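# Coordinate analysis (summary)
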Amino acid sequence: MSRTPRAVTGPGKPDSVHGDPAGRTDRGENVAVDHVGGPGTGAVLPDPAGPGMDTGQTPGLVQLLTPEGERVEHPDWSIDLTDDEYRGLYRDLVLVRRFDAEATALQRQGELGLWASLLGQEAAQVGSGRALGERDYAFPTYREHGVAWCRGVDPLNLLGMFRGVNHGGWDPNSNNFHLYTIVIGSQALHAVGYAMGMQRSGGDAAVIAYFGDGASSQGDVNEAFTFAAVFNAPVVFFCQNNQWAISEPTERQMRVPLYQRAAGFGFPGVRVDGNDVLACLAVTRGALERARRGEGPMLIEAFTYRMGAHTTSDDPTRYRLAAELEAWKLKDPIERLKAFLHKNGLADADFFADLERESDELAKRVRQGVRTMPDPQPTLMFEHAYAEPHPLVDEERAEFTAYHASFAEQGDDRNQEGGH
């Protein structure tokens, strides 16, 4: 059954379709004072009239690059990049989207069992991913392909699990990027536990936990908020609010803007334009620096939009309007940075041509690599179940091996009978 998404800014005053950051999810009935704050702010709520604050009627949105590609300033968050860094971010966005498109095509061709596309969320992931320091540790869901790219994980390693030939494909400790988590929200608790361990060992790094708007309704995420706040853990909670928890819109999940939840747990929250790679980079960098200084957790709500399906088994046309999708296409994260590069003379035709060639080469490598992935040995399922040898696992491995060997013996017997 389809429903018409709707948001309002006051009682009975329609303002926009669902998905507009200026819209309210509670029809103006609940007005909450949010805690935005810049780097270094504590858990005490500042004056509602201060910078970056609002009283709920127009939820604050940190933006440094408009959808038209115009650079703007924000009173609490800023960033200063070199020309090469601007071009580097654009390169990241383009290559991540191309890889994602190839993975979707491969699934449609039967080469992958499933794929969770990040289409439309590239800026949130690349911006936050490039904010991470070398010693920082990331805990993803199953859609953080852009963060994986920024952490140096080979794109082919992401596809092994979706092809069914491995359980992850990379060593988390080599990139400080944990394996993908399928159970919704559980990685938030893992991240807090890891952060508390780093805190007790005297480390100077921080942890970031990724999850979606739907996962924020899970008990695990809220328990993670509690532990992080009470123990002042050096963790950043990065929520990609892409407006839809599969087919459930945000107004069916919460009565206040998501980032305002942080105040209830005792730490700051901020809403950032999730389609603005510069804002995502600036805010995440500030939150991580704050965590490293021992000032505790912070919640970042990256207000973005899932342009594609939840996964390749989903049909978003059954539950959302085409007009909503078209409206968000005008806020495309790649097009706005491309416009910025053009307007400021930061990239020429050769740059874009070279990037297109690099994109084609990446796509070709992904296609060939997936199709030539070797099938794993069946007995590998028994490896790494426990850190030490386990009698029951050894017994099960022996029974499994003997069972498979029996098929070969039956085949030999048939061949011998046929020979006679």
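Residues numbered from 1 in each chain as written. Predicted model: local features only at pLDDT ≥ 70, side-chain atom pairs only at ≥ 80, totals over all residues. Heavy atoms only, no water.

Moving on, we come to empty space enclosed by the protein. Under the criterion given, the structure shown has 2 cavities of 30 Å³ or more. Size it by volume and the second largest cavity reaches roughly 30 Å³. In this structure, the second largest cavity is lined by Val96, Phe99, His145, Ala148, Trp149, Val153, Pro155 and Leu158. Elements represented by at least two residues in the lining of the second largest cavity include exactly helix H1 (83-108), helix H3 (145-150) and helix H4 (155-163). The dominant element in the lining of the second largest cavity, judged by the number of residues it contributes, is H3, at 3 residues. Residue composition of the lining of the second largest cavity, grouped by class: 7 nonpolar, 1 polar and no charged. (1 Å grid on protein atoms, 1.4 Å probe; cavity = no way out; pocket = protein on both sides within 12 Å on 5 of 7 lines; lining within 4 Å. Points joined across faces, edges and corners; volume = space filled by probe spheres on them. Helix = DSSP H or I, 4+ residues; strand = E, 2+ residues; numbered from the N terminus. Nonpolar A, V, L, I, M, F, W, Y, C, P; charged D, E, K, R; others polar.)

Right, let's get into a nonpolar patch on the surface. A grouping of Phe227, Val230 and Phe231 is seen on the molecular surface, where their side chains present a nonpolar patch of about 290 Å² in accessible area. Mapped onto the secondary structure, Phe227 falls in helix H7 (residues 219-230). (Patch = residues over 30% accessible without salt bridge, like charges linked within 9 Å, V, L, I, M, F, W, Y side chains within 5 Å. Areas by Shrake-Rupley, 256 points an atom, 1.4 Å probe, with all protein chains shown as cover. Salt bridge = Lys/Arg side-chain N within 4 Å of Asp/Glu carboxyl O.)

Another point: the pairing of strand S4 (residues 207-212). S4 sits mainly inside the fold: 5 of its 6 residues count as buried. By the bridge criterion, 3 bridges tie strand S3 (residues 137-139) to S4 in an arrangement that is parallel. Residue pairing in the sheet places Ala138 in a bridge with Ile208 of S4. With 6 bridges joining them, S4 and strand S5 (residues 235-241) adopt parallel strand pairing. Within S5, the position partnered with Ala209 by the bridge is Phe237. For the crossover from S4 across H7 to S5, the handedness is right-handed. (Buried < 20%, exposed > 50% of the residue type's maximum accessible area, 1.4 Å probe, protein only. Pairing = 2+ DSSP bridges. Right-handed = clockwise from strand over helix to strand, strands pointing away.)

On to the side chain of Asp136. Positionally, Asp136 belongs in the loop between helix H2 (122-131) and S3. Classification of Asp136 by relative accessible area gives buried; the value is 1%. Among the polar contacts listed, one links the side chain of Asp136 to the side chain of Arg292, at a separation of 2.5 Å. Once residues within four sequence positions are removed from consideration, Asp136 is found in contact with Arg151, Asn176, Ala205, Ala206, Leu288 and Arg292. (Polar contact = N/O pair within 3.5 Å; in protein donor to acceptor, adjacent residues only side chain to side chain. Contact = heavy atoms within 4.5 Å.)

For the rest of this paragraph, the subject is the confidence of the model for the chain. Looking at the chain, the pLDDT average stands at 86 and 84% of residues meet or exceed 70. This model gives residues 1-58 a pLDDT under 50, and the stretch forms 144 contacts once residues within four places in sequence are excluded. (pLDDT = per-residue confidence, 0-100.)

Now for the nonpolar core. Counting residues in hydrophobic clusters, the biggest one holds 73 residues, and the most contacted among them are Tyr90, Leu159, Leu278 and Leu341. Core analysis: the next-biggest nonpolar cluster, separate from the first, contains 26 residues, Ala191, Val207, Ala224 and Ala233 among them. (Core = buried A, V, L, I, M, F, W, Y, C linked by side-chain atoms within 4.5 Å.)

A few words on the packing of aromatic side chains. One pass over the full model with this rule turns up 27 aromatic pairs. Summarising the aromatic geometry, the rings of Tyr137 and Phe139 are spaced 5.1 Å apart at their centres and angled 40° between planes, so their arrangement reads as tilted. Grouping residues by exposure puts Tyr137 and Phe139 together as buried. Ring centres of Phe211 and Phe237 lie 6.5 Å apart, and the angle between their planes is 65°; this geometry places the pair in the edge-to-face category. Placement of Phe211 in strand S4 and of Phe237 in strand S5 is noted, with a sequence separation of 26 residues between them. Each member of the pair, Phe211 as well as Phe237, carries the same accessibility label: buried. Ring-pair connections join several aromatic residues into one group, and the members of that group are Phe99, Trp115, Phe162, Trp170, Phe177 and Tyr180. It is Lys331 that lies over the ring of Trp328; its NZ or CZ is 4.2 Å from the centre. (Phe/Tyr/Trp six-rings, centres within 6.5 Å; stacked < 30°, edge-to-face > 60°. Lys NZ or Arg CZ within 6 Å of the ring centre and 35° of its normal.)

Time to look at H7. When the terminal C-alpha atoms of H7 are compared, their 17 Å separation across 12 residues agrees well with the 16 Å that a helix rising 1.5 Å per residue should span. Of the residues making up H7, those classed as buried are Val221, Ala224, Phe225 and Ala228. All buried residues of H7 fall inside an arc of 105° around its axis, so they share one side. Taken together, the buried residues of H7 touch helix H6 (186-200), S4, S5, helix H8 (261-265) and strand S9 (298-303). One or two steps after H7, the chain reaches Asn232, where phi turns positive at roughly 50°. (Expected span 1.5 Å × (residues − 1). Arc of directions from axis to C-beta.)

A few words on the sheet that holds S9. With parallel pairing, 5 strands are arranged side by side in an open sheet as S3-S4-S5-S9-S8. Each edge of the open sheet is held by one strand with a lone partner, namely S3 and strand S8 (269-273). Neighbouring strand axes in the sheet, compared pairwise and without regard to direction, differ in orientation by 20° on average. Sitting on the sheet, helix H9 (residues 277-292) touches S4, S5, S8 and S9, and the angle it makes with S8 is about 155°. (Axes fitted to C-alpha atoms, helices over the stretch in contact; angles between N-to-C directions.)

Where H1 meets helix H11 (residues 333-343), the axes come as close as 10 Å, and the angle between the chain directions of the two elements is 150°. In this view, H1 runs roughly antiparallel relative to H11, as classed from their interaxial angle. Crossing of H1 over H11 shows left-handed handedness. The residues of H11 that touch H1, namely those facing Tyr86, Arg87, Leu89, Tyr90, Leu93, Val94 and Arg97, are Pro333, Ile334, Leu337, Lys338, Phe340 and Leu341. By residue class, the composition of the contact of H1 with H11 is 10 nonpolar, no polar and 3 charged. (Parallel < 35°, antiparallel > 145°, perpendicular 65-115°, else oblique. Left-handed = near helix turned anticlockwise from the far one by under 90°.)

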